[in-house]
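Descriptive structure summary
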Amino acid sequence: MNLGNNERRMLKGMLSEPNQNWTLDQILAVTGWDDQAHVAGAGMGLQEAGMVEVKEYTSRFVTLGEEGIRAAEEGLLESRLWDWISNEREENRNMGSLLSSGFDRSETGPGIGILKGLGVDIVSGNLVFSDSEEISKEIDRRTDFINSISNSSIESSTLDKGLISHFSSRSGLIEFEETTTRTWKLTKSGSSADESTLIENQLIGELTPEMIQTDSWIGAEFKPFDVQAPAPTPTGGRRHPMQSLIERIRSVFLEMGFSEIDGDYVQSAGWNMDSLFIPQSHPARTMQDTFYLEQPSKVEVEDSYLDLWARVHEHGHDTGSRGWGGTFDNEEAQRALLRTHTTVNTVRHIAENPDQPSRVFGIGRVFRQETIDRTHMPEFHQIEGIIHEPDANLPMLISTLKTFYAKMGYPDVRVRPAYFPYTEPSAEVDILWKGEWLELGGSGIFRPEVTEPLGTEWPVCAWGMGLERLAMLILGLDDIRQLYQPDLERLRKMPLL
Ligand code: PHE
């Protein structure tokens, strides 16, 4: 039997009188404990082990109420009135002299009622009675009752039932308290326990290097860890939930064999859009959607890229495409803006490493002219990535995204056909959340119009997902702004990721 220290101590104590019904106080005395909780806890443990039988009794105790305490000190009202009556000459025993006798008005009214109950009558204002001895006796009985409970609470079953019911009908004299008492008795198995096995082990709270080196931990008993123990909630620093989420996403992609890339917020329209075969007349390029900069207003782009994009946009160059037609505007391509998506980072990565197969990802801020509401902010994050290698293909793209979201805790992913100017095929990515499909981002295989000017002929799987949307799901938020308001109270309560 694997008993804890407290159980051992209690059992050992009880074995000194194996047949006794032990009360709480007796167990406290024999164990030397001063905490009743030890007895209750160890008693429960021994009961579960079948070594002790616990009996519970509920008892009602009677104590004095506020009026009762006063009665114990000054005498019951009837007793004081009776004293007054007994000391007064017979002709003066009337209501008039009672009222001027110094009794409080609040007492005379109820007092007369009580006296009537004892056999005193009022006949034309005079207080009359026949059996004064009987009245004295009853008053003494009541006084004794009050005095008997004046110092401690008394179990109600040992008191006179009639007097209990009498005093409970009068206000403030007596009160009741219910208490549960227990007794503990050894069972057969408990009383046959072998005392020599009941030596208490020293409980170890913390394992130290010394204990490991000296082997003293062998056979030691460890203090059980109490996860219910009250503990203060630490309000020290912690990572912002968004930062934790970014860290988690980062480690998932690293785990999947991807490397991280980065890029600047300020970009040319050329790299942000023209390199992606987004037509210069595309509505998303207007001032309403994109933050163009005044300082700097221009970011220079190498002529070789401007030339290539111009050819691709105007007639498709040798990509097999017919292009968008019109005239490519080099000035437009060199306008400075805040990047509108992180796809600019991945295309630049390919341009810088056209001959190197790569699997890269990046998590970064992007900027769009959005009206702020529950689900929109002008500044948000994207999770971007590419697989650039000779055999890259659509199933590879889909399984990569599925793996990523499964690792994030969303195993149900579906893709739907979509359109982006820079991918073919293109797919929208949804995840299943509480029975609903939620759109989290776009993906596809870069078109030749994109990859050729970058200097590669390998296919490129590409995706760009919203981070805030995912954060809202994971953190259980219904308003994107909650992620960025400096409400420490709320931030502290957000789950650790
Ligand atoms: N850049 C797109 C967006 O911002 C997402 C995307 C990335 C789509 C890569 C296809 C390929 O929504």
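This structure is a prediction, so every number in the text was calculated from the model and none was measured.

**Concerning the nonpolar core**
- Formed by 42 residues in total, the largest nonpolar core has its most connected members in I249, F253, I383, F404, Y405, M408 and L470.
- Where this core is concerned, the elements lending two or more residues are α12 (241-255), β12 (358-367), β13 (379-388), α17 (394-407), β15 (423-433), β16 (436-446), β17 (460-466) and α19 (467-475).
- Among the elements that line this core, the one with the most residues is α19, at seven residues.
- Residues within four places of I249 in sequence aside, it is in contact with I363, I383, F404, M408, L467 and L470.

**Brief notes about the packing of aromatic side chains**
- Scanning all chains against the criterion turns up 15 aromatic pairs.
- Geometrically, the ring pair formed by F145 and F167 is stacked, given 5.3 Å between the ring centres and 20 degrees between the ring planes. Of this pair, F145 sits in helix α8 (residues 132-148) while F167 is found in helix α9 (residues 161-168), placing the two residues 22 residues apart along the sequence. Both residues of the pair, F145 and F167, count as buried.
- Linked through ring pairs, F253, F258, F361, F404, Y405 and W463 together constitute an aromatic cluster.
- One cation-aromatic arrangement involves R60 over F176; the distance from NZ or CZ to the ring centre is 4.1 Å.

**What about the site of the ligand?**
- The local shell around the ligand holds 13 residues, among which H341, T343, R368, Q382 and Y422 are the closest.
- A distance of 3.1 Å separates a nitrogen atom of the ligand from a polar atom in the side chain of H341.
- Note that a nitrogen atom of the ligand is positioned 2.9 Å from one of the side-chain N or O atoms of Y422.
- Spatially, the ligand is embedded in the largest pocket.
- Considering every element that reaches the shell around the ligand, the biggest residue donor is β17, with three residues.
- For the shell around the ligand, the per-class residue count stands at four nonpolar, seven polar and two charged.

**Thoughts on the sheet that holds strand β6 (residues 174-186)**
- Pairing is antiparallel in the open sheet, where four strands are placed in the order β1-β6-β2-β5. This sheet does not close on itself; its edge strands, each paired only once, are β1 (22-23) and β5 (154-155).
- Bridge analysis of strand β2 (residues 52-64) against β6 gives 13 bridges, and the strand direction is antiparallel. Bridge assignment links T58 to a residue of β6, and that residue is T180.
- Strand contacts of helix α3 (residues 36-48): β2 and β6, with the helix running at about 145 degrees to β2, the strand carrying the most contacts.

**What to know about the layout of surface pockets**
- By volume, the largest pocket is sized at about 1,100 Å³.
- Looking at the largest pocket, it is lined by 40 residues, and the ones nearest its centre are T340, R368, F380, Q382 and F420.
- Counting residues per element, the ones that place at least two in the lining of the largest pocket are β13, β15, β16, β17 and α19.
- Counting residues per element, the lining of the largest pocket draws most heavily on β16, at seven residues.
- Grouping the amino acids of the lining of the largest pocket by side-chain chemistry returns 14 nonpolar, 17 polar and nine charged.

**Thoughts on helix α7 (residues 105-118)**
- Taking 1.5 Å of rise per residue, 14 residues should cover 20 Å, and α7 covers 20 Å from first to last C-alpha, within 8% of that figure.
- Listed in full, the buried residues belonging to α7 are E107, T108, G111, I112, I114, L115 and L118.
- Remark: G119 follows α7 within two positions and exhibits a positive phi of approximately 110 degrees.

**Things to note about the pattern of salt bridges**
- All chains considered together, the criterion is met by 27 salt bridges.
- Between R80 and E107 there is a salt bridge, with the nearest N and O atoms lying 3.0 Å from each other. Note that R80 is positioned in helix α5 (residues 77-87) and E107 in helix α7, a separation of 27 residues in sequence.
- Taking the shortest distance from any N to any O, the salt bridge between R142 and E138 comes out at 3.1 Å. Residue R142 and its partner E138 are both found in helix α8; the two are separated by four residues, about one turn of the helix.
- Classification of R142 as buried rests on a relative accessible area of 7%.

**A short note on a negative patch on the surface**
- Where like charges cluster on the molecular surface, the negative patch consists of E300, E302, D303 and D307.
- Looking at the secondary structure, you find E300 in the loop between α13 (269-272) and α14 (303-315).
- You can call E300 exposed: its relative accessible area is 68%.

**Some thoughts on the packing of α5 against α7**
- Interhelical geometry of α5 versus α7 gives an angle of 85 degrees and a closest axis separation of 9 Å. The angle between the axes of α5 and α7 places the two elements in the roughly perpendicular class. Residue-level contacts link L77, E78, R80, L81 and I85 of α5 to E107, P110, G111, I114, L115 and L118 of α7.

Procedures and definitions
Along each chain, numbering runs from 1 in the same order as the chain's sequence is written. The model is predicted, so local features are restricted to residues of pLDDT at least 70 and side-chain atom pairs to those at 80 or more, both for listing and for counting; the totals for chains, interfaces and linings are taken over all residues. The basis for the side-chain values is all heavy atoms of the structure; hydrogens and waters are excluded. Residues belong to a common nonpolar core when they are buried Ala, Val, Leu, Ile, Met, Phe, Trp, Tyr or Cys residues joined through side-chain atoms within 4.5 Å. Burial here depends on accessible area, computed with a 1.4 Å probe over protein chains only, as a share of the maximum for the residue type. Under 20% is buried, over 50% is exposed, and the range in between is partly exposed. What counts as a helix is a DSSP run of H or I of at least four residues, what counts as a strand is a run of E of at least two, and both are numbered from the N terminus. Contact definition: two residues touch when any of their heavy atoms are within 4.5 Å. Pairs were defined over the aromatic rings of Phe, Tyr and Trp, the Trp ring being its six-membered one, requiring ring centres within 6.5 Å. Orientation was assigned from the angle between planes: stacked under 30 degrees, edge-to-face over 60, tilted for the rest. Criterion for a charge above a ring: Arg CZ or Lys NZ at most 6 Å from the ring centre, at most 35 degrees from the ring normal. Working definition: residue near molecule or strand if any one of its non-hydrogen atoms lies within 4 Å of it. Polar contacts here mean pairs of N or O atoms no more than 3.5 Å apart (in protein, one a potential hydrogen donor and the other a potential acceptor; neighbouring residues in sequence count only if both atoms are side-chain atoms). Grid points spaced at 1 Å over the protein atoms alone were grouped into cavities, where a 1.4 Å probe fits but cannot get out, and pockets, open sets with protein on both sides within 12 Å along at least five of seven lines, with lining residues defined by an atom within 4 Å of a point. More than half of a molecule's atoms lying within 2 Å of a cavity's or pocket's grid points is what places that molecule inside it. For this classification, the nonpolar set comprises Ala, Val, Leu, Ile, Met, Phe, Trp, Tyr, Cys and Pro, the charged set comprises Asp, Glu, Lys and Arg, and every other residue, Gly included, is treated as polar. A pair of strands is labelled paired if DSSP reports no fewer than 2 bridges between them. For helices, the fitted line uses only the C-alpha atoms of the stretch in contact; every axis is such a line through C-alpha atoms, and the angle between N-to-C directions lies from 0 to 180 degrees. Grid points are joined across faces, edges and corners, and a volume is the space filled by probe spheres set on the points. Helices are assigned an expected span. That span is 1.5 Å times one less than the residue count. Each salt bridge in this description consists of a side-chain nitrogen of Lys or Arg and a carboxyl oxygen of Asp or Glu lying within 4 Å of one another. Like-charged residues within 9 Å of one another, or nonpolar side chains (Val, Leu, Ile, Met, Phe, Trp, Tyr) within 5 Å, are grouped into patches, provided each residue has over 30% relative accessible area and no salt bridge. Using the Shrake-Rupley algorithm and a 1.4 Å probe, accessible areas are obtained, with residue cover drawn only from the displayed protein chains. Counted charges follow a simple rule, with Lys and Arg positive, Asp and Glu negative, and His plus the chain ends left uncounted. Lysine's charge is taken at NZ, arginine's at CZ, aspartate's at CG and glutamate's at CD. The labels follow the angle: roughly parallel below 35 degrees, roughly antiparallel above 145, roughly perpendicular from 65 to 115, and oblique for the rest.

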